[in-house]
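These are the residues of each chain, in order.
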Amino acid sequence: MSDLDTLHAPPPTTPPAARWSRYVALGDSFTEGLWDPDPSDPSTQRGWADMLAAHLSERRVADGAAPLEYANLAIRGRLLRPILTEQVPVALELGADLVSLIGGGNDMLRPAADPDRMADALEDAVARLRATGADVLLGTGVDAKDSPIVRRTRGRVAVYNSHIWSIARRHDAFVLDLWGMRSVRDWRMWAEDRIHLTTDGHARVAQAALVALGQPASDASWDDPLAPRPRVPRLDQARADAAWLRTHAYPWATRRLRGRSSGDQRVPKRPEPRPVR
């Protein structure tokens, strides 16, 4: 390679995993990890962020560094504003050098959600985090095209996603592209409530997060579509839809009318950074 080739060679695209020593995850139920029971303690949730922390820590140790320190401040039911006002300041105090900041899904379920105002508030938080030198991982909303009810939010989510990509470009942040994941378009990746991922779904998102951070995936098939499933008879689908409305949609609507949240009185599952071993 000539000196001229060296001068114009592109920079490395894969940052070393040891670059991050303290990771703090912020958000709502998606980042808290519903519904992926922790194998070591089924009474708690694990989820994609815990899995991502484990992958990064393993790679740090393999590179001869200390295990990654990890905290998860996410709480189910949180709207974007509380995430930004309550969790971001804590992440700043904890001195994180990697922060995942993913929220807004609960807002989008409300017809009055304004993705432009949400994006303005999100960008202010990203700027504050980046000013400390921390890397930030944002996340787009999932494409709800195939959901009979949630797909009504698709337009608002698409606008918000566009803002997220622009915010990432302006502030040199990373983006977890959930909208573009083919595998999570399959209902087998989703729990019975049709809002939260299964363990397999969380595992695939963790792989997508690695890729978003410029890391090689541990599983090359992380976004491969699942094998086609047998067609569900219409009567069986109607019964399943009725059960979902009764078991999940109705309780959610009732809480909303009462001004309550599934996360009321809850505290973060991992409030302090601890080594991931």
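One can find the structure itself at the top, above this paragraph.
Given the structure is predicted, the values throughout are model-derived calculations rather than measurements. Residue numbers here run from 1 along each chain, matching the order of that chain's written sequence. Two thresholds apply to this predicted model, a pLDDT of at least 70 for residue-level local features and 80 or more for giving and counting side-chain atom pairs, whereas whole-chain, interface and lining totals are computed over all residues. Here the side-chain values reflect all heavy atoms present in the structure, with hydrogen atoms and water set aside.

Trainee: Outline unusual backbone geometry, listing residues and values.
Mentor: Here leucine 34 and tryptophan 35 are connected by a cis peptide whose omega angle stands at -15 degrees. The phi dihedral of aspartate 172 is positive, around 55 degrees, even though this residue is not glycine. Helix numbers and strand numbers start at the N terminus; a helix is a DSSP run of H or I with at least 4 residues, a strand a run of E with at least 2. Following the sequence through the fold, aspartate 172 ends up in the loop between helix 7 (154-171) and strand 7 (174-176). Each residue is placed in one exposure class: buried if its accessible area under a 1.4 Å probe, protein chains only, is under 20% of its type's maximum, exposed if it is over 50%, and partly exposed if it falls in between. For aspartate 172, a relative accessible area of 56% puts it in the exposed group. Here the phi dihedral of glutamine 265 falls at roughly 70 degrees; this positive angle occurs in a residue that is not glycine. On the secondary structure map, glutamine 265 appears in the loop between helix 9 (234-257) and strand 8 (270-275). Using a relative accessible area of 80% as the deciding quantity, one classes glutamine 265 as exposed.

Trainee: Which residues make up the packing of aromatic side chains, and what values do they have?
Mentor: Pairing of aromatic rings covers Phe, Tyr and Trp, the last counted by its six-membered ring, and requires centre-to-centre distances within 6.5 Å; plane angles under 30 degrees mean stacked, over 60 mean edge-to-face, and any other angle means tilted. In this structure the tally under the stated criterion is 3 aromatic pairs. Centroid distance tryptophan 20 to phenylalanine 174: 6.3 Å. Interplanar angle 85 degrees. Geometry classified as edge-to-face. Pair noted here: tryptophan 20 is in the loop between helix 1 (3-7) and strand 1 (22-27) and phenylalanine 174 is in strand 7, with a separation of 154 residues, a long-range link. Using a relative accessible area of 1% as the deciding quantity, one classes tryptophan 20 as buried.

Trainee: Run through the pairing of strand 4 (residues 69-72), naming residues and quoting values.
Mentor: Where strand 1 meets strand 4, 4 bridges bridge the pair, whose relative direction is parallel. Bridging across to strand 4, alanine 25 finds its partner in asparagine 72. Two strands pair if DSSP finds at least two bridges between them. Pairing geometry for strand 4 and strand 8, over 3 bridges, is antiparallel. Looking at the pairing, glutamate 69 lines up with proline 275 of strand 8.

Trainee: Outline helix 8 (residues 199-212), supporting the account with residue identities and numerical values.
Mentor: A helix's residues, less one, multiplied by 1.5 Å, set its expected span. Taking 1.5 Å per residue, 14 residues should reach 20 Å; helix 8 reaches 20 Å between its end C-alpha atoms and fits that length. In terms of burial, helix 8 is largely enclosed, as 10 of its 14 residues are buried. Within helix 8, the full set of buried residues consists of Gly201, His202, Arg204, Val205, Ala206, Gln207, Ala208, Ala209, Leu210 and Ala212. By the convention used here, residues are in contact when the closest approach between their heavy atoms is within 4.5 Å. Close packing links the buried residues of helix 8 with helix 2 (29-32), helix 3 (48-62), strand 6 (135-139) and strand 7. Just past helix 8, the residue glycine 214 takes up positive phi, approximately 85 degrees.

Trainee: Help me get a handle on the packing of helix 6 (residues 115-131) against helix 7, residues and values and all.
Mentor: For helices, the fitted line uses only the C-alpha atoms of the stretch in contact; every axis is such a line through C-alpha atoms, and the angle between N-to-C directions lies from 0 to 180 degrees. Two elements in contact, helix 6 and helix 7, have axes separated by 10 Å at closest approach and are oriented at 25 degrees. When the interaxial angle is binned, helix 6 and helix 7 end up roughly parallel. Judged by the sense of rotation from one axis to the other, the crossing of helix 6 with helix 7 is right-handed. Contact with helix 6, carried on its side by Pro115, Asp116, Met118, Ala119, Leu122, Glu123, Val126, Ala127 and Arg130, involves Arg156, Val159, Tyr160, His163, Ile164, Ile167, Arg170 and His171 of helix 7 and no other residues of that element. Following the grouping adopted for this structure description, the nonpolar residues are Ala, Val, Leu, Ile, Met, Phe, Trp, Tyr, Cys and Pro, the charged ones are Asp, Glu, Lys and Arg, and the polar ones are all others, Gly among them. Classifying every residue of the contact of helix 6 with helix 7 gives 10 nonpolar, 2 polar and 5 charged. Geometric relationships in this document are graded by angle, where less than 35 degrees denotes roughly parallel, more than 145 denotes roughly antiparallel, 65 to 115 denotes roughly perpendicular, and other angles denote oblique. Here is the rule for handedness: rotate from the far helix to the near one, and if that takes an anticlockwise turn smaller than a right angle the crossing is left-handed, while a clockwise turn gives right-handed.

Trainee: I'd like a rundown of the pattern of salt bridges, residues and numbers included.
Mentor: Once their charged atoms are close, side chains differing in charge can pair, the charge on each being opposite to the other. In what follows, salt bridge is the name for a side-chain nitrogen of Lys or Arg lying within 4 Å of a carboxyl oxygen of Asp or Glu. Counted according to the given criterion, the structure contains 16 salt bridges. One salt bridge in this structure joins aspartate 146 and arginine 185, with 2.9 Å as the shortest N-O distance. Here the residue aspartate 146 occupies a position in the loop between strand 6 and helix 7, and arginine 185 occupies one in the loop between strand 7 and helix 8, the gap between them amounting to 39 residues. Put simply, Arg19, Arg130, Asp135 and Asp172 are held in one network by salt bridges that share partners.

Trainee: Would you mind going over the packing of helix 3 against helix 8 in detail, with residue names and values included?
Mentor: Packing of helix 3 against helix 8 brings their axes to within 8 Å, and their N-to-C directions diverge by 50 degrees. Overall, the two elements helix 3 and helix 8 adopt an arrangement that is oblique. For the crossing formed where helix 3 meets helix 8, the hand is right-handed. Of helix 8, the residues touching helix 3 (which contributes Trp48, Met51, Leu52, His55, Leu56 and Arg59) are Thr199, His202, Ala203, Val205, Ala206, Gln207, Ala209 and Leu210. Taken together, the residues of the contact of helix 3 with helix 8 break down into 9 nonpolar, 4 polar and 1 charged.

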